[in-house]
Amino acid sequence: MSHSLTEKAKYNFNKLQKRLRRHTGQAIADFNMIEEGDRIMVCMSGGKDSYTMLDILQNLQRSAPIKFELIAVNLDQKQPGFPEHILPEYFQSLGIEYKIVEEDTYKIVTDIIPEGKTTCSLCSRLRRGILYRTATEIGATKIALGHHRDDIVETLFLNMFYGGKLKSMPAKLASDDGQHMVIRPLAYCKEADIAAYAEHQKFPIIPCNLCGSQENLQRKNIKMMLQEWNKSHPGRIETIFTAIQNVTPSHLADLSLFDFANLQKTDVPLGEGDIALDKPDVPAIPVGLEQESTTQAIAIELN
Ligand code: SF4
């Protein structure tokens, strides 16, 4: 009995690892994130996402048809209680090239920002500057961050609800000064998969509340909202992510993206026929989930 349980756990883990590899590989290919000879600076916070990113990238590196280097970088921001030995020991155990950058941004932030106010925007601006500088110093051609699909969907709603903008977090972006390329190889990976993987791999996670900053309440609310939706409508986060890959500017209202003012009649019938006044065609099963639902339906039938 226990033997078959172990076998099953092993099978499930293999499936999980394959899924993470497949999603990461797909994002890398779709966005052309990694090219021959790249030297990738993998930003390691010590959280589950960054450990998983490094692990999966190393895994892909072994079988990739192209050659690229990975260098793990951690920024020690001198937060009280930061266990500074954990990451170096972990990197040494992997035998991977790494660099620890020590900068007391904690002091700068706490000196400048009054107590009780949120420190994240200054802190992350400082961190960004240090990471860009480090990338130049170590000759990195790409900077990899561990944000995943759920971060991207959360950011979409944060920007919509609080910023009045329809934008999220790019999977690949050139820095403002044009000197750096930032990539997010986990962009297609689900947070739940990453959490399960990190737990199985027993990564030595460093807690993320050492700076004592108040949790970003808006992000927390959005996260809760999405989780509720996902509970009542399983697969909804997935569908929202599919939607941001299928954008139709002519059916939105951004005048800078579509030239509505100069829109002309074509005087020839459209390929799809006359659909202008039809109600939008909304599929019964959300796009991207059809396969899963069919499998579920079959399973129900078989039962
Ligand atoms: S949570 Fe703390 S370490 Fe993270 S960005 Fe905010 S202030 Fe900085």
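Residues numbered from 1 in each chain as written. Predicted model: local features only at pLDDT ≥ 70, side-chain atom pairs only at ≥ 80, totals over all residues.

If you look the protein up in an unreviewed UniProt entry, it shows as tRNA-cytidine(32) 2-sulfurtransferase from Pseudoalteromonas ulvae. Recorded in UniProt for the protein, the comment headed Catalytic activity (unreviewed entry) runs: "cytidine(32) in tRNA + S-sulfanyl-L-cysteinyl-[cysteine desulfurase] + AH2 + ATP = 2-thiocytidine(32) in tRNA + L-cysteinyl-[cysteine desulfurase] + A + AMP + diphosphate + H(+)". (UniProt positions renumbered as here; feature names shortened; annotations may be inferred.)

Asker: Would you explain the overall build of the protein in this entry?
Answerer: Regarding its fold elements, the protein presents ten helices and six strands. Reported as C-alpha extents along the three principal axes, the dimensions of the protein are approximately 65 × 60 × 45 Å. Here the protein holds 303 residues, and 23% of them are scored as buried. Here the analysis covers contacts within the protein between residues at least 6 apart in sequence; of these, 78% occur between residues at least 24 apart. (Helix = DSSP H or I, 4+ residues; strand = E, 2+ residues; numbered from the N terminus. Buried ≥ 20, exposed ≤ 12 C-beta atoms within 10 Å, placed from the backbone. Contact = placed C-beta atoms within 7 Å.)

Asker: Is there a simple way to think about the UniProt feature "short sequence motif: PP-loop motif" (unreviewed entry) in the protein in this case?
Answerer: Annotation from UniProt places "short sequence motif: PP-loop motif" (unreviewed entry) at residues 45-50. Structurally, residues 45-50 comprises 50% helix and 0% strand, and the distance from its first C-alpha atom to its last is 6 Å.

Asker: Hey, could you run me through the sheet that holds strand E6 (residues 181-183) in this one?
Answerer: Where strands meet in a sheet, backbone hydrogen bonds hold them as pairs that are either parallel or antiparallel. If you trace the six strands from one edge of the open sheet to the other, you get E3-E2-E1-E4-E6-E5, paired in mixed fashion. Both outer strands of the open sheet, strand E3 (98-102) and strand E5 (172-174), are each paired with one neighbouring strand and no more. Each neighbouring strand pair of the sheet contributes to a mean axis angle of 25°, computed without reference to strand direction. Here helix H5 (residues 120-138) sits on the sheet in contact with strand E1 (39-43), strand E2 (69-76), E3 and strand E4 (142-144), set at roughly 140° to E2. (Pairing = 2+ DSSP bridges. Axes fitted to C-alpha atoms, helices over the stretch in contact; angles between N-to-C directions.)

Asker: Teacher, can you tell me more about the UniProt feature "domain: tRNA(Ile)-lysidine/2-thiocytidine synthase N-terminal" (unreviewed entry) in the protein here?
Answerer: Per the UniProt record, "domain: tRNA(Ile)-lysidine/2-thiocytidine synthase N-terminal" (unreviewed entry) is annotated on residues 40-204. From the first C-alpha to the last, residues 40-204 spans 22 Å; its make-up is 47% helix and 16% strand.

Asker: Looking at this structure, how should I read the packing of helix H4 (residues 105-112) against H5?
Answerer: If you want to describe how two helices pack, look at the angle between their axes and the distance between the axes. At a minimum axis distance of 10 Å, the contact between H4 and H5 shows a crossing angle of 145°. For the crossing formed where H4 meets H5, the hand is right-handed. Across the interface between the two elements, Thr105, Ile108, Val109 and Ile112 of H4 pack against Leu122, Cys123, Leu126 and Arg127 of H5. Each residue belonging to the contact of H4 with H5 can be placed in one class, and the counts come to six nonpolar, one polar and one charged. (Left-handed = near helix turned anticlockwise from the far one by under 90°. Nonpolar A, V, L, I, M, F, W, Y, C, P; charged D, E, K, R; others polar.)

Asker: Explain the nonpolar core to me, please; I cannot follow it from the model alone.
Answerer: It is characteristic of soluble globular proteins that their nonpolar side chains tend to be buried jointly. Core analysis: the biggest nonpolar cluster contains 41 residues, and Met41, Val42, Cys43, Ile143 and Ala144 have the highest contact counts within it. Every residue in contact with Cys43, bar those within four places of it in the chain, is listed here: Ser50, Val73, Leu131, Ile143, Ala144 and Leu145. (Core = buried A, V, L, I, M, F, W, Y, C linked by C-beta atoms within 7 Å.)

Asker: Sorry, what's going on with the site of the ligand here?
Answerer: All residues adjacent to the ligand are Thr119, Cys120, Cys123, Ser124, Cys211 and Ser213. Its residues placed into classes, the shell around the ligand shows three nonpolar, three polar and no charged. (Near = placed C-beta within 6 Å.)

Asker: Would you explain the packing of helix H6 (residues 149-163) against helix H8 (residues 217-232) in this entry?
Answerer: At their nearest, the axes of H6 and H8 sit 9 Å apart, and the two run at 115° to each other. The chirality of how H6 crosses H8 is right-handed. Where H6 approaches H8, its residues Val153, Glu154, Phe157, Leu158 and Tyr162 are matched on the opposing element by Gln218, Arg219, Ile222, Lys223 and Leu226. Across the contact of H6 with H8, the residue classes tally to six nonpolar, one polar and three charged.

Asker: I would appreciate a short explanation of unusual backbone geometry in the present structure.
Answerer: With the exception of glycine, the majority of residues adopt a negative phi angle, and the majority of peptide bonds are in the trans configuration. Despite not being glycine, Lys78 has its phi angle at roughly 65°, a positive value. For Lys78, the position within the fold is in the loop between E2 and helix H3 (86-94). The class for Lys78 is partly exposed, based on 16 C-beta atoms found within 10 Å. Positive phi, normally seen in glycine, also occurs at Lys202, with a value near 55°.

Asker: For this particular structure, what's the right way to read the environment of Asn59?
Answerer: Assignment of secondary structure puts Asn59 in helix H2 (residues 48-63). Accessibility expressed as a C-beta count within 10 Å gives 15 for Asn59, which makes it partly exposed. Each C-alpha atom of the pair Asn59 and Ile40 lies 14 Å from the other, and the pair is 19 residues apart in sequence.

Asker: Would you mind showing me how to read the pairing of E2 here?
Answerer: Strand residues, when the strand is regular, have side chains that alternate between the two faces of the sheet. Taken together, the five bridges between E1 and E2 define a ladder with parallel strand orientation. Bridging from a neighbouring strand, Arg39 pairs with Glu69 of E2. In terms of handedness, the path from E1 via H2 over to E2 forms a crossover that is right-handed. Direction of pairing for E2 relative to E3: parallel, over a ladder of five bridges. Opposite Val73, over in E3, you have Lys99 as the bridge partner. (Right-handed = clockwise from strand over helix to strand, strands pointing away.)

Asker: Hey, could you run me through the confidence of the model for the protein in this one?
Answerer: Any segment with low pLDDT has predicted coordinates that should not be analysed in fine detail. The predicted model of the protein averages 90 in pLDDT, with 91% of residues at 70 or higher. Segment residues 293-303 is flagged for pLDDT under 50; beyond a separation of four residues in sequence, or across chains, it makes one contact in the model. (pLDDT = per-residue confidence, 0-100.)

Asker: Would you mind going over the environment of Leu131 with me for this structure?
Answerer: The residue Leu131 is located in helix H5 in this model. When the C-alpha atoms of Leu131 and Asn74 are compared, they prove to be 9.1 Å apart, with 57 residues separating the residues in sequence. Discounting chain neighbours no more than four positions away, the residues touching Leu131 are Cys43, Leu75 and Ile143.

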